[in-house]
Every structure is written in C-alpha cells, then in structure tokens.
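Here is what each chain is made of, one letter per residue.
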Amino acid sequence: MSDLEHIPPRFHSFHSVVLSVSFCIRPSFSASCEDHLWPAMELNSTTIHDAIHPTAAFAQNRSALELALPTGNDTGQASWLESQLNPKNRVDSLDPLPNPLWRIDGCTAIGTQYYALPLHVGEVPPMRLDVFLPMETTRDPVLRDVLDLDAAFHTKDSTRLNRLGVTRHILRALQKWSLEGEGTAEHIAALYKDQPFGTRIILELGFSLESVKITIATTWHVEKQLIRPKALVETLGLPQEVIPEIIDISNLSIVQQLHDSVCLVRIHHHDEPEDGQKLWIFKALTSNTKYLVCELRNLLLMEPYPHVVSKPKYLVTKYCRFGGKTAVVGFIIPFYAAGSLRDTIPLLHIHGLLKPEMQIMWARQLAAAVLHVRERGRIYYPDLRLDNVVLTAGGDLVMVDFEQRGVWCEFAAPEVNAIAYVHTLAVDEGAEEEGLEQEQGDDSRLLYNQFIPGEERPNRWAEFLNRILPGWQVLEQDEMYMPLPHGYKSYNIPWLALDEAEQEAAEAYMLGRVLWCIFEGQCAPQHAAVWQSYKREPDYEFPEYRHTPLPIRDLIDGCTKGRRETLSKLVTRVGSKMVLRRKDGLVDVNCTPLEVLDAARDWWRVEVEVAERFLTMREELKRRGEWKGNWYGRLRLREIVQRLEEYEREVGVKEVDREVLAELLKRCK
C-alpha cells in the first residue's frame, strides 16, 4: 500500500520533506569508528529514545552508540579492575535460598522496581512495599553482566525473573537485612501497618552483600493524590446507588502481586465471611491515580453485560496521615482463574485443542462486548489486546482494564498513531534542544537542522497538537484526578482528539487484529514492544494467514484497512540486544548499533512525515466540513457482530462442550 494512497494528491506537499533525503544522507563518522568491531546494541532507555520512539526521527545522536561500545580496553579484553577474576567484582552467591524470608512476584520500570513480599511476617495487606534499585547503582557494566540486569530490563513475569541473578541477589540482601539488620518480622509488620501506601524499600546494589545498602523511603505522593469517597462521588457526578460497599485495606491480605496495578487478595470481612474463601482482584495504582478514578467511573456507570467485567464489589479505603483523611486507594473485582486469552489460545493451539466452535464463540463474544461498551457504555476502549481479555471458569470471555490509557503504537490504528507521534515529539525535552547548538563533528544534529527550521523547533509539535486537541497540556499537569476542561473525561490525548466515528473505526482496527490471533492461534499479532518480553511470542505475525477461514480473513481485512508496516518488521530484540530483521524475516545478530540507528532513523522520518501529512489533510477537510470519520472505510462494530453470526449459521459450527472446555482451561493453568 502506498504511503499516500488515502491522501488526496493536492495535500501531498503540505509541510513535506523530500523523502529521498532521509534515505540518501547518513551521518559521517570517522573511519576509526566505522572500522571498530561493535557489539550488538544494548537495550536501555537511551536506545529506546533514539531508535524505538518517534524521537528517533530527529533526536538521534551518538549517545546510544557510546553506550553500546565495549567497556574494556582497546584490545577488547577486560582490564583487571573490570575483570570478574578480581575479588572485588565477585558476588557472594547467586544460588537460590533454601528457606527464603522474601519473595519476588514480578518487576517493572525497566528492571528497577521489584514486587517484594515478606514471608516471615504472616498475612499482610497489599500496601505495595516494593524494592527499588537506584539507577546510578545499576550502571556498572560488570555488575550488569553478573546480575543479568539487561535481561531484567524486559523480563516481567515471576518464573523467568526468579532465574535472573539480580532477583537472587535482591533476595539474599533482603534475607541478610531481615536476619541481621532492621528487616525483622516486627519491623516489617510495623511498616505495613504505619507507612503510607507505596512506601519504598531502596536497595543500593553492590557486589558483596556487605556493600548493599537498604533504606526505607517513606513516600507521601500517592496518598496525597487519593480522594475521599464522598468527594469521589461528587467529583464524578455518580448516583449514590451505584457506589459499592466500602472496606478498609486492613481487611485484605495479599496472596500474589500479578501486575503493577493488580494483585490477588483474600478478604476478611465479618459481614460476608464467604468472601474470605475466594480469591479476588485488588486494583490500585502507585502513580498517576487519575487513571484509577477514570476506570472507577467507567465501571460504575457501565450497563451490566456478561462479557464486560462487573462493577467493583467493594471500594477499598485507607486512612492517610497526609491530610488526616480516609480515601479510596483501590477497588475489588472478581478473579478469573482461567487467565487471559494471551496465555490460553497458544497453549490450546499447540496441542491441537483450539476448536472452531471455541474460536467463533470467543470472536462473537468479544465483538459484542466491544459494541456494548461503545453503544451502552458510551465510552471508547483504547486497550484492546489479548492481555485484557480473560476467561471465566466456564470458558466465557470477559473484557477488563478500563483505565483508557491505550496500547503501544505498534498495536494501535494508524490514525491514532499519527496523533501519538506528534504528542511524543511535543513533550520530548530533547526535541527542543537537539539542533539548537551543533556540536563539532556531530552530523546527526546537522541533519536535525535540515529537517526542522530553527524558528519552528521549540514549539512546532506542541502547536500542531494544540490545534488537534486544545488544552492538551492540562491533561498532563498532575498525576491526581482533577476536573478537566472542554468536557474531557479521560486523559488519553490521541483518542480524545478523535471524533466518535474515528474512535469506532480505531476500535474495529484493534478488534480485527485480536480476531486474527483467535483464528490463527497466536498469543499476539506481533512480538511485544522491545522493552517487554513474554514467556510466549507469536510464531508468525499479522497479517500472515495460515489457519483463518476465508470469510473471516475478509472480515479481518475489512477491520484493518489502512494498516501500515511497523518498526518491529525492521528492528527487534533478540535476548537483551536490539538487532535488525532481514527481508526474509530472519534476524541479523551481527548488525552494528550504527546500522540499527540508521535503519530506525530512516523508518521514523518517513512515518512522522506521513503522519503529519495525514493530520494536515484531516485538519483542512474538517475545516471545510468534508471530513469523514471512518476515513479508511473499515467495518462498523455492528457489521462485525452480524458477519460473525452469519458465518456461524452458514458453516453450522456446533455448540461448545462447556464441560470439556472447562477441563481444558484447568489443564492450561
């Protein structure tokens, strides 16, 4: 598909850049750099900025290359100071502890935040006493190598995380702290009782356990953001009858931290003792609590539907010493033990157990649920992916996660991505500084100057975004929920900039990709973002078809009109390194960091250019009253539901055997 296929020719020159330039001009580096035997590019925050985000189009410089260079001497051999033979660079032990006093359930924040739970205290409430590693203590290259910190950058799940050296080192440090320091059972129990929600255990890494320093950082910022129940009702304009019963966080005991915002709990509630026999989901955020408030509003006002998560069973409150208030810290919803479609579908497919009747049932249920959320819930749903679709014990599908944050751009519709690219460039601090002062010998800054005129650099993207969504800056001013201007009811800038027809078309796009996963038996339409890895990745990627029936292929293609190639077709992650994909789909593990940066820069320059042209055209057509929201002519949600029902009738798909399906789901877990 041509980049400009859906854009009228008269708009092709709007704010255009000569695309051939981006493929002809390359930074000039010295021969010594070109001849240097570089290792593969490390995965870190800088390389994400310079290769994976739209900032790569303009803000690339040599910092990413420098971070990827060898850390030894000129001969490529480690010096004695850096050698692991040096006693000072040896870790005491990374063997699993026989009787650990702590457990790590997962990790986030690019490998610097770990969900830690004490095992020597008894039951504790879900207060999120996580372990944080200061960034400055994780930069030693030898320590990173010994403790597998590069792998921790993208590894999130407990099983794989607990095989890494950093997790075992943290557990040994906590063990020593609990046995010989301040981490006694009495002290930890007091922390869970008296400290603010989200208080941090700061663990400064070192090679030996004696060099590790552990301190408690009392954090008040989360509780400052929390809202009293009465104020929550008034702020959101909720009718009193939709407000759930309120329980205190002390009535909960954590079983397992599943994700950053979700944990498994038991409820000790004297009024309903049977609740204590079941497992529940407790959802709470340790930052940007405004999204929790948005989700609460969406769930409490949502008309009940079998395939959409139910209203919260309880609101959970906590007494906050900051301000002397009792405020809402989270809420309780049912736990779906069968897990998500992302985990279930590939397992069933691998073992030949993913039957057509299951696929069409799940496809119908999901399409109907998305339609219900739009027509009866009156909200947009920007988070449609297999992780957010769970299964009941009987095998029915349920949509969860109504924060409305959105998905990574590789999973979103191209019109959503176009606005997201502009937003990323508008808020990037480096984008305003790159090119303002050209450093001697740094040709990447010269390239930036060629593409962005000097007088336009500081506010170019912010001004563009302000025309698309007036007052967008207010949405990012605070982490706590505040009344918003212009009638905005959420914080997702790209989706708020869309009209209702555009939002529905973007939902149809995401739905089409999830349907592809269901009928192809894959865990995702493509590999995850480079900064996150899963136990399973797809065997092949959308839009390749191998198993999907022809009528469903046509339906999926009708949902995903206007799709574009993604960066993951060109740059991907192998282990903890960023590498290039060849045209045959195989990866080039011998590519240099310079080659990765060059390829990413060229790709992003085209993408940003196409996005700007599209949005400029959209802006002009809206001004003239000629814009049609469903620009690519995708199927409407109701059409998708009807076509799935027609297919089921025409093919004569048999009913799902619920007992068999329930047993299969148990085996998958």
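Residues numbered from 1 in each chain as written. Predicted model: local features only at pLDDT ≥ 70, side-chain atom pairs only at ≥ 80, totals over all residues. Heavy atoms only, no water.

**Q** Describe the sheet that holds strand β4 (residues 131-132), naming the residues involved and giving the relevant values.
**A** Strand order in the open sheet formed by five strands is β2-β3-β4-β5-β6, with mixed pairing between adjacent strands. One side of each edge strand has no neighbouring strand; the edge strands of this open sheet are β2 (102-108) and β6 (213-217). Bridging between strand β5 (residues 200-204) and β6 involves five bridges; their strand directions are antiparallel. Across the sheet, Arg200 pairs through a bridge with Ala217, a residue of β6. In the packing of helix α10 (residues 185-194) onto the sheet, the strands contacted are β2, β3 (113-118) and β6, and the crossing angle to β3 comes to about 115 degrees. (Pairing = 2+ DSSP bridges. Helix = DSSP H or I, 4+ residues; strand = E, 2+ residues; numbered from the N terminus. Contact = heavy atoms within 4.5 Å. Axes fitted to C-alpha atoms, helices over the stretch in contact; angles between N-to-C directions.)

**Q** So, the sheet that holds strand β11 (residues 314-320): which residues are in play, and what are the values?
**A** Within a sheet, adjacent strands bond to each other through the backbone by hydrogen bonds, running parallel or antiparallel. Read across the sheet, six strands follow the order β7-β11-β12-β10-β9-β8 without closing on themselves; strand pairing throughout is mixed. The open sheet has two edge strands, β7 (245-248) and β8 (252-257), and neither has a second partner. On average, each strand axis in the sheet is tilted by 40 degrees relative to the strand beside it, whichever way the strands run. Pairing of strand β9 (residues 262-267) with strand β10 (residues 280-283) involves four bridges; the strand directions are antiparallel. Paired with Leu264 across the strands is Ile281, a residue of β10. The strands touched by helix α12 (residues 229-236) within the sheet are β7, β11 and β12 (325-334), with β12 carrying the most contacts at an inclination of about 70 degrees. Lying on the sheet, helix α13 (residues 290-301) is in contact with β10, β11 and β12; it crosses β12 at an angle near 55 degrees.

**Q** Report on the confidence of the model for the protein chain, specifying residues and quantitative values.
**A** With 84% of its residues at a pLDDT of at least 70, the protein chain reaches an overall mean of 85. Taken together, the stretch residues 1-38 has pLDDT below 50 and engages in 70 contacts with residues farther than four places along the chain or on a different chain. This model gives residues 69-76 a pLDDT under 50, and the stretch forms 10 contacts once residues within four places in sequence are excluded. (pLDDT = per-residue confidence, 0-100.)

**Q** Now, about the nonpolar core: what can you tell me, with residues and values included?
**A** Core analysis: the largest hydrophobic core is formed by 144 residues, its most contacted members being Leu341, Trp362, Leu366, Phe402, Trp604 and Ile640. Considering each element in turn, this core owes the most residues, 12 residues, to helix α23 (residues 593-623). Apart from the residues lying within four places of it in its own chain, the contact partners of Trp362 are Leu341, Ile345, Leu348, Leu354, Leu391, Gly395, Leu397, Ile518 and Leu661. (Core = buried A, V, L, I, M, F, W, Y, C linked by side-chain atoms within 4.5 Å. Buried < 20%, exposed > 50% of the residue type's maximum accessible area, 1.4 Å probe, protein only.)

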